[in-house]
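# Descriptive structure summary
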Amino acid sequence: MQSFIKRLLQHRDQLSQLEKQVLDYIIRQPQRITNLKLDEAAKEMFVSTATITRTCKKLGFQGYQDFKLQLLLYSREDNQVESHDLSANLAFHTKRYEKDIREVLNRINEEDLNKAASMLVQARHVEWFGVGHSYSVCWDASKKLLLLGKSSIARIDWDDLRSSASNLQKDDLAIFVSYSGETLHILEYAHIVKNQGTPILSIVGTPSNHLSDLSDFVFYTPIEHFYYKDVDLCSRAPFQIFLDLLLLEYQRKHGESSSASK
């Protein structure tokens with residue numbers, strides 16, 4: 001629970017005074033919140049239901065119900081860790097992964113894939129931007145795309161990423177992969193790419209973030225929040241599923257355009 005509260009506090013500076021009032025109540029009474037309906041919570045906090053909903057979204061959730069669910073999951077995880085019940089822990093994490101996979105598959109539609117694949121087909125070169133745990137997702141997708149015949153690279157060095165962002169052209173494509181959409185280095189590179197006039201396609205795991213605001217196309221898949229102490233153990237599998245399906249759609253469209261040109 002402490003790691004969950006710590007993550008909430010990281011957003012404090014982005015909140016208004018009333019929203020900070022909501023956050024402070026949550027921190028003081030995390031267990032009570034899980035038992036309160038939205039209107040009941042509003043009465044206890046002396047704010048409107050809209051303020052609570054807005055606060056939850058700024059904290060990285062879809063709304064009040066989504067926030068309560070995540071809070072309850074963290075509370076249960078604390079109890080499971082304390083009891084050292086291996087089977088219960090495995091069941092908890094299995095459900096977490098199942099939920100992630102269901103979410104990404106439910107959100108994927110043909111129109112989104114078609115639009116994103118068209119951006120790949122039209123791009124002269126594709127540059128991937130992902131740091132930390134998201135880098136491995138970028139590396140895997142970049143390698144597959146390269147084998148499919150498209151110029152593509154995922155760099156790991158931060159200085160290399162900054163330099164590549166500055167050298168992109170308008171007919172290139174930048175693909176950003178970020179769980180939070182708020183990572184400082186990622187936002188720095190995105191601003192550079194935006195100023196270059198290069199299209200940006202982003203895959204993010206939380207809603208209402210600054211990276212999405214800078215992007216031309218955004219695919220959002222909710223990912224279950226899970227930290228053990230200060231270690232990010234959130235799954236990036238939803239990102240990989242979306243990108244694999246995107247590459248399959250790219251190959252289909254690329255094959256069609258190649259056949260048409262003959």
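Above: the structure in question.
Everything in this summary refers to the structure shown in the same document. The shown structure was predicted, so the numbers you read here are calculated from the model rather than taken from an experiment. (Residues numbered from 1 in each chain as written. Predicted model: local features only at pLDDT ≥ 70, side-chain atom pairs only at ≥ 80, totals over all residues. Heavy atoms only, no water.)

## Considerations on the packing of helix H4 (residues 38-45) against helix H5 (residues 49-58)
Taken N-terminus to C-terminus, the directions of H4 and H5 make an angle of 100°; their axes are 8 Å apart at the nearest point. Overall, the two elements H4 and H5 adopt an arrangement that is roughly perpendicular. Contact residues: H4 offers Leu38, Asp39, Ala41, Ala42 and Met45, while H5 offers Thr49, Ile52 and Thr53. Along the lines of polarity and charge, the residues of the contact of H4 with H5 split into five nonpolar, two polar and one charged. (Axes fitted to C-alpha atoms, helices over the stretch in contact; angles between N-to-C directions. Helix = DSSP H or I, 4+ residues; strand = E, 2+ residues; numbered from the N terminus. Parallel < 35°, antiparallel > 145°, perpendicular 65-115°, else oblique. Contact = heavy atoms within 4.5 Å. Nonpolar A, V, L, I, M, F, W, Y, C, P; charged D, E, K, R; others polar.)

## Looking at the pairing of strand E4 (residues 200-204)
The buried count for E4 comes to five of five residues, which makes it a mostly enclosed element. Residues Ile200, Ser202 and Val204 line one face of E4 and the alternating positions Leu201 and Ile203 line the opposite face, and both faces are buried. Pairing geometry for strand E3 (residues 173-178) and E4, over five bridges, is parallel. From the neighbouring strand, Ile175 faces E4, where its bridge partner is Leu201. Crossover handedness for the path E3 to helix H11 (residues 184-196) to E4: right-handed. (Buried < 20%, exposed > 50% of the residue type's maximum accessible area, 1.4 Å probe, protein only. Pairing = 2+ DSSP bridges. Right-handed = clockwise from strand over helix to strand, strands pointing away.)

## Let's talk about empty space enclosed by the protein
Counted by the stated rule, this structure contains one cavity of 30 Å³ or more. One number sums up the size of the largest cavity: a volume of about 80 Å³. For the lining of the largest cavity, the class distribution of residues is five nonpolar, six polar and three charged. (1 Å grid on protein atoms, 1.4 Å probe; cavity = no way out; pocket = protein on both sides within 12 Å on 5 of 7 lines; lining within 4 Å. Points joined across faces, edges and corners; volume = space filled by probe spheres on them.)

## With respect to the packing of aromatic side chains
Under the definition given, this model contains four aromatic pairs. On the basis of an interplanar angle of 75° and a centroid distance of 5.3 Å, the ring pair of Phe61 and Phe67 is categorised as edge-to-face. Take Phe61: its relative accessible area is 1%, and that puts it in the buried class. Note on Phe67: relative accessible area 0%, which makes it buried. Ring geometry for Phe129 versus Phe176: centroids 4.5 Å apart, planes at 10°, classification stacked. (Phe/Tyr/Trp six-rings, centres within 6.5 Å; stacked < 30°, edge-to-face > 60°.)

## What about the sheet that holds strand E2 (residues 152-154)?
Spatial strand order, E2-E1-E3-E4-E5: five strands in an open sheet with parallel pairing. One side of each edge strand has no neighbouring strand; the edge strands of this open sheet are E2 and strand E5 (217-220). Going across the sheet, the axis of each strand differs from the next one's by a mean of 15°, ignoring polarity. Taken together, the three bridges between strand E1 (residues 126-129) and E2 define a ladder with parallel strand orientation. Bridging across to E2, Val126 finds its partner in Ser152. Of the strands in this sheet, E1, E3, E4 and E5 are in contact with helix H8 (residues 110-122), which crosses E5 at around 135°. Lying over the sheet, H11 contacts E1, E3 and E4, oriented at roughly 160° with respect to E3.

## Looking at the side chain of Lys253
Here Lys253 is to be found in helix H13 (residues 237-261). In this structure, Lys253 is buried with no salt-bridge partner, the nearest side chain bearing the opposite charge being Glu249 at 5.2 Å. In this structure the side chain of Lys253 is engaged in a polar contact, spanning 3.5 Å, whose partner is the side chain of Ser118. The residues contacting Lys253, other than those within four sequence positions of it, are Asn114, Ala117, Ser118 and Val121. (Lys, Arg positive; Asp, Glu negative; His and termini not counted. Salt bridge = Lys/Arg side-chain N within 4 Å of Asp/Glu carboxyl O. Polar contact = N/O pair within 3.5 Å; in protein donor to acceptor, adjacent residues only side chain to side chain.)

## Considering helix H10 (residues 158-167)
Listed in full, the buried residues belonging to H10 are Leu161, Ser164 and Ala165. Projected down its long axis, H10 shows its buried positions confined to an angular sector of 105°, all on one face. In H10, the exposed positions angled more than 90 degrees off the buried face are occupied by Asp159 and Asn167. Of the surrounding elements, those touching the buried residues of H10 are E1 and H11. One side-chain oxygen at the N-terminal end of H10 lies 2.9 Å from the backbone nitrogen of Asp159; it belongs to Asp157. (Arc of directions from axis to C-beta.)

## Description of the pairing of E1
Burial of the side chains of E1 extends over both faces: Val126 and Trp128 are buried on one face and Glu127 and Phe129 on the other. Tracing the backbone out of E1, into helix H9 (residues 134-147) and back to the parallel element E2 gives a crossover that is right-handed. For E1 and E3, the ladder comprises four bridges, and the chain directions are parallel. Of the residues in E3, the one forming a bridge with Phe129 is Phe176.

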